[in-house]
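Geometric and topological summary
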Amino acid sequence: MMALPITVFLLVLVFLISRRRKPLYPPGPKGLPIIGNMLMMDQLTHHGLAKLAETYGGLFHLRMGFRHVFAITSPEVAQQVLQVQDISFSNRPVTIAINYLTYDLADMAFAPYGPFWRQMRKVCVMKVFSRRRAESWASVRDEVNNMVRSLSSNVGKPVNVGELIFTLTRNITYRAAFGGACETEQDEFIRILQEFSKLFGAFNVADFIPFLGWFDFHGINKRLVKARNDLDGFIDEVIDEHMKKREIISVDEDTDMVDDLLAFYNEEEKLVSEDSSTNRNKNSVKLTRDNIKALVMDVMFGGTETMASGIEWALTELLRNPDELKRLQQELAEVVGLDQRVDETHLEKLTFLKCTLKETMRLHPPIPLILHEAIEDTKLQGFNVPKGSRVMINAFAIARDPKLWVDPEDV
Ligand code: HEM
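Report follows, based on the coordinates. (Residues numbered from 1 in each chain as written. Predicted model: local features only at pLDDT ≥ 70, side-chain atom pairs only at ≥ 80, totals over all residues. Heavy atoms only, no water.)

**Describing the side chain of H61**
The condition that has to hold: A helix here means a DSSP run of H or I that spans at least four residues, while a strand means a run of E at least two residues long, and both kinds are numbered starting from the N terminus. Polar contacts here mean pairs of N or O atoms no more than 3.5 Å apart (in protein, one a potential hydrogen donor and the other a potential acceptor; neighbouring residues in sequence count only if both atoms are side-chain atoms). Contact between two residues is taken to exist if any of their heavy atoms lie within 4.5 Å; hydrogens are not considered.
Position of H61 among the secondary structure elements: in strand β1 (residues 59-64). A polar contact is formed between the side chain of H61 and the side chain of H68, at a distance of 2.9 Å. Apart from the residues lying within four places of it in its own chain, the contact partners of H61 are Y25, P26, P27, G28, P29, H68, V69 and F70.

**Quick notes on the site of the ligand**
Convention followed: Each residue is tested against the molecule or strand, and it is near if at least one of its non-hydrogen atoms lies within 4 Å. Under the convention adopted here, Pro, Cys and the residues Ala, Val, Leu, Ile, Met, Phe, Trp and Tyr are nonpolar, Asp, Glu, Lys and Arg are charged, and Gly plus all remaining residues are polar.
What surrounds the ligand is a group of 14 residues, the closest being R92, R121, G302, G303 and H372. A distance of 2.6 Å separates an oxygen atom of the ligand from a polar atom in the side chain of R121. With 4 residues, helix α12 (residues 289-320) is the largest single contributor of residues to the shell around the ligand. Residue composition of the shell around the ligand, grouped by class: 8 nonpolar, 4 polar and 2 charged.

**Side note on the pairing of strand β6 (residues 390-394)**
Two faces belong to every sheet, and in a regular strand the side chains alternate between them. Applicable threshold: Throughout, exposure labels follow a simple rule: accessible area from a 1.4 Å probe, protein chains only, divided by the maximum for the residue type, with under 20% read as buried, over 50% as exposed, and the rest as partly exposed. Here, any two strands with at least 2 DSSP bridges between them count as paired.
With 5 of 5 residues buried, β6 is to be regarded as a mostly interior element. Here β6 shows a buried face lined by R390, M392 and N394 and a second buried face lined by V391 and I393. In the sheet, strand β2 (residues 67-72) pairs with β6 via 4 bridges, with the strands oriented parallel. Its bridge partner being in β6, A71 is matched across the sheet by M392. The pairing of strand β3 (residues 369-373) with β6 spans 5 bridges and is classified as antiparallel.

Structure below.
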C-alpha cells in the first residue's frame, strides 16, 4: 500500500530536480553587496585570473559594482567570443578615461561597432596601413640602422637592451605618425603619452559605480583635462605645420600618417558637407581634427609597447636557449649573409625566425588579456551574458594550458 505514494513522491522529486533551472551565470567567487568583487581588483591580471580559473573553471563570473564580468580561459569559449559570436562581442570596454582621452571615441580601437567604426577602419586600411605606405617606410630601416650603429659603437660595454628596443619602436612609430621631429618635441610627446598610459590604467571607482564620479576621489578628472589639453597643444601645432607644408608643396607622395589623414580629409571635403556637430558622421569618412588626434594615439599605443615587448622577449628566450640561438644565426647566415641587413624579401625564407617569433608570441603575448564587451544580450555555454557585460579572454593562460600544449612552458 505504501509503495504507490513513495513512487509518486520520488517521481515528483525527480521531475522537480530535473526542472531545476541552470543558474543564470557561471560559477565565480562570491562578492559583497553593491561592490560585488571589487575588492579582488588586484587579482584581475592574467596570472591572477589563471589562478582563479583553477577553482572556478574556464568560464567564470565576477561582478564589479553594477557590471557583469566574465573571465575566459577555455579556448572553446574564447572562440565563441572572438569568432562564432564576434558581432555580439564586438565592442571594447570603455572607461571614463578612455572615453575622454579618445575625444568621445573618435578613434578606431574604441569606437563602438557600427558604420563609424567601419569607416575609420576603411581609412586605416586604405591610407594609413596601405601597401604603398609599407613599401615606402624607409624611416624604419633608418631607425634600425641607427640602433645597430649605436650597438656596434658600444661593443664590450653593457647595454640596456629593453631601453634600446623601446626607443627603436617608439622612434619608428613616432616618425610614421608625424615624420621627423627634434628631440625636445619627441620628449614632450613621450611625456604626454606616459600620462595617457597611466590614466588608461588608473583605477576609477566611477567606472563601476557611476554616481561616485561626482566626487572624483582620485583626482582623475582634473588629470584627464590637463592631459587632453597637453595633447591638443602638441598635435594641433603638428597638424597646422603639415597643412602649411601642403599649401607650399603639392604632396603626391605623402610622407607620414598626419599627411595621409589630412589628404583624406581634403579629398572628402570636396564631396561631402561637414557635419561639425559630431565626430561620428555616419555617411562619410570625413575626418575632424579630433579623429586625426585619436587615430594617431591608437597607433602610438597599439604599435610601440607591443612591438618592443615582442622583440625583447624573443631575444630573452634566445639567450636562455643557446642551441636555438645558434640555429637562428645559422639560418640568417645562409639566407641573408653575414655582411647584409635583413629586409622584407628575405622573410619568406626565414622559416626558423618565423617559428621563433610565433613561439615568443605564444609564451609572452604582448597583450595577455583581450578585453571585449557584449553589445547585446547573449549566452555563453548556456549562461546569460547581459548586454554591457565585459569579457576578459586570458590569451596568456590559453597559450600555456597543459591540456592543449606538450611541454607548454618550454620553447
Ligand atoms: C607584436 C605586435 C602586436 C601585437 C601582439 C598586437 C596585438 C593586438 C591585439 C591583441 C589587439 C586586440 C584584438 C582584439 O581585441 O580582438 C590589437 C588591436 C589593435 N592593434 Fe595591435 N598588436 C601589435 C602591433 C600593432 C601595431 C604595430 C599597430 C599600429 C601601428 C597596432 C594597432 C592596433 C589597433 C589600431 C588595434 C585596434 C583594431 C580595431 O579596433 O579594429 N598593433 N592588437
